[in-house]
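In case you want the letters, here they are:
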Amino acid sequence: MDVATMINLLAIGNGISALIFLAFIRTYRKSEISLKYFTAGKIIQTFTWLLFILFKDNLTPHIMTLGNLFQYFGIMTEVLGFTFLFSKQHKKVFLIGSLICLIWIIMFSVFSANITIRVLISSSMFSGLYIYLFAHTSMAKNPTLIMKFVGFFALVFALIHLIRGLYGIFTSTGIEIYDNLFIQGLLGFMWVTVTFTFPIFLLLIVIEIDNQRLSELNATKTKFFRIIGHDLKAPFYQLYNISQIIELKKGNLGSNELEELSETIRSSSLRTSKLLDDILSWSLVESESISMKPENIHVNTLITENIETLKAKADNKGIVFDNNVSPLAKVYCDPNMFNSIIRNILSNALKFSNANSVVEIACTADRKYCTIDIKDAGVGIEQK
């Protein structure tokens, strides 16, 4: 493959990829940062190859420096588009990559008259970028077959660039390096292959990650509904007990007893309503998991509210809650998650406690942690 044909194919391939990804992002994935970086890289590379086509008969050192500046930034941005599928530090990594590109283009400019050094500088830049891509696909959590293939392909491409750069140094080859049909042909084939296949691989990886996230989200929702069922048992159990009392004593309820039962129903309904509000507010699901909104909370206040929710069940077994948590104890956490955990432990304490016993609640705190102790007088848990 001659150089002119390769440059034309690269301009066409990057241009088509940029248009496809722009349409895809606009239509489906406006928030996917990795796709935006990848698309930006394709756009920059399109300008790079168009620049080389436009000035093919007048490639001065200044044009070569400008073209390589575009190329360094374009390939860096494209590679980062892949790696940002596995990493969230977008701005920091991009700034570091931009700084490296600037250093390399300054070196390229300084040695632009020496073709051997110039080729080594560009080759080492491209080699480093594709090794970086190989490292990220290799270290990804549960890498798929496509990720492994992209990583392997990137490693091979990096090694070819490195060999090309070192070839000129060890053989003292200058402009003749561009006449080496094997090296130039292999490099051109790899460039064209990467240009046309990596966009497809990126889309396939995005689909795989989406499927994995969907599976995790379904598992989270299933767990969440189990929590809801567990938390709603206590207040409905109380309402059921009251209905049983009314059924057994219908026609024989005095005004005081009726007023007391009515107040119990009212307070239980309010607590159930609050519990449902807490659950619904927690049920707002983000893209990956249940949303967490931490804030400073008073531990004693939330524990007292949960005790009230379970009071009917405790009274039925003659169990007393002994809440020794200091009113001053505060923690920074999500109140809905905190409530769910406390309700779960207190409910289990009631379930496994002996009748007419005490469930003790205490906490100790320092500057970093608050430890809550819930102790019941029940059957206990086997050591194993």
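Computed from a prediction, not measured in an experiment: that's the story for all the values here.

Take the packing of helix H5 (residues 115–139) against helix H6 (residues 145–171) next. Two numbers describe how H5 lies on H6: the axes approach to 8 Å, and their chain directions differ by 160°. Taken as axis vectors, H5 and H6 run roughly antiparallel relative to one another. Like other packed secondary-structure pairs, H5 and H6 cross with a definite hand, here left-handed. Along the lines of polarity and charge, the residues of the contact of H5 with H6 split into 18 nonpolar, eight polar and one charged.

This next bit is on the pairing of strand E5 (residues 370–375). When strand E4 (residues 358–365) meets E5, the two strands line up antiparallel, connected through six bridges. Note that in E5 the partner of isoleucine 361 across the bridge is isoleucine 374. Between E4 and E5, which pair antiparallel in sequence order, lie four residues.

A separate point is the pattern of salt bridges. Scanning the entire structure with this criterion turns up two salt bridges. As a salt-bridge pair, lysine 42 and glutamate 78 come within 3.5 Å of each other at their nearest N and O atoms. Note that lysine 42 is positioned in helix H2 (residues 33–54) and glutamate 78 in helix H3 (residues 61–83), a separation of 36 residues in sequence. Overall, the relative accessible area of 3% leaves glutamate 78 in the buried class. In this structure, aspartate 315 engages lysine 311 in a salt bridge whose closest nitrogen and oxygen atoms are separated by 3.0 Å. One end of the pair, aspartate 315, and the other, lysine 311, are both in helix H10 (residues 311–317), four residues apart, so they sit about a helical turn from each other. A relative accessible area of 39% means that lysine 311 is categorised as partly exposed.

If you look at the biggest cluster of nonpolar residues, it comprises 50 residues, and the most contacted ones within it are Tyr72, Phe82, Tyr130, Leu133, Trp191, Phe198 and Leu202. At the level of elements, helix H1 (3–27), H2, H3, helix H4 (90–110), H5, H6 and helix H7 (181–248) are the ones that each hand at least two residues to this core. Element by element, the count of residues in this core is highest for H7, at 11 residues. Contact partners of leucine 202, with chain neighbours within four places excluded, come to Phe21, Leu35, Phe38, Gly81, Phe82 and Leu85. The next biggest cluster of nonpolar side chains, apart from the first, holds 22 residues, and it includes Ile307, Leu310, Val331 and Val359.

Another point: the packing of aromatic side chains. According to the stated counting rule, one finds 15 aromatic pairs in the structure shown. Seen from their ring centres, phenylalanine 149 and phenylalanine 153 are 6.0 Å apart, and the 35° between their planes marks the pair as tilted. Separated by four residues within a single helix, phenylalanine 149 and phenylalanine 153 lie in helix H6, roughly one turn from each other. For phenylalanine 149, a relative accessible area of 39% corresponds to the partly exposed category.

Quick look at the packing of H3 against H4 now. Following both chains from N to C, one finds H3 and H4 inclined at 155°, their axes separated by 10 Å at the closest point. The angle between H3 and H4 falls in the class roughly antiparallel. Here H3 runs over H4; the crossing is right-handed. Residues Met64, Thr65, Asn68, Leu69, Tyr72, Phe73, Met76, Thr77 and Leu80 of H3 pack against Val93, Phe94, Gly97, Ser98, Cys101, Leu102, Trp104, Ile105, Phe108 and Ser109 of H4. Looking at the contact of H3 with H4 residue by residue, the class counts come to 13 nonpolar, six polar and no charged.

For asparagine 356, which is not a glycine, the phi torsion comes out positive at approximately 55°. Overall, asparagine 356 belongs to the exposed group, its relative accessible area being 65%.

A surface patch of nonpolar side chains, about 560 Å² in accessible area, is lined by Leu159, Leu162, Ile163, Leu166, Ile169 and Phe170. Along the chain, leucine 166 turns up in helix H6.

About the cut-offs
Residues numbered from 1 in each chain as written. Predicted model: local features only at pLDDT ≥ 70, side-chain atom pairs only at ≥ 80, totals over all residues. Heavy atoms only, no water. Axes fitted to C-alpha atoms, helices over the stretch in contact; angles between N-to-C directions. Helix = DSSP H or I, 4+ residues; strand = E, 2+ residues; numbered from the N terminus. Parallel < 35°, antiparallel > 145°, perpendicular 65-115°, else oblique. Left-handed = near helix turned anticlockwise from the far one by under 90°. Nonpolar A, V, L, I, M, F, W, Y, C, P; charged D, E, K, R; others polar. Pairing = 2+ DSSP bridges. Salt bridge = Lys/Arg side-chain N within 4 Å of Asp/Glu carboxyl O. Buried < 20%, exposed > 50% of the residue type's maximum accessible area, 1.4 Å probe, protein only. Core = buried A, V, L, I, M, F, W, Y, C linked by side-chain atoms within 4.5 Å. Contact = heavy atoms within 4.5 Å. Phe/Tyr/Trp six-rings, centres within 6.5 Å; stacked < 30°, edge-to-face > 60°. Patch = residues over 30% accessible without salt bridge, like charges linked within 9 Å, V, L, I, M, F, W, Y side chains within 5 Å. Areas by Shrake-Rupley, 256 points an atom, 1.4 Å probe, with all protein chains shown as cover.

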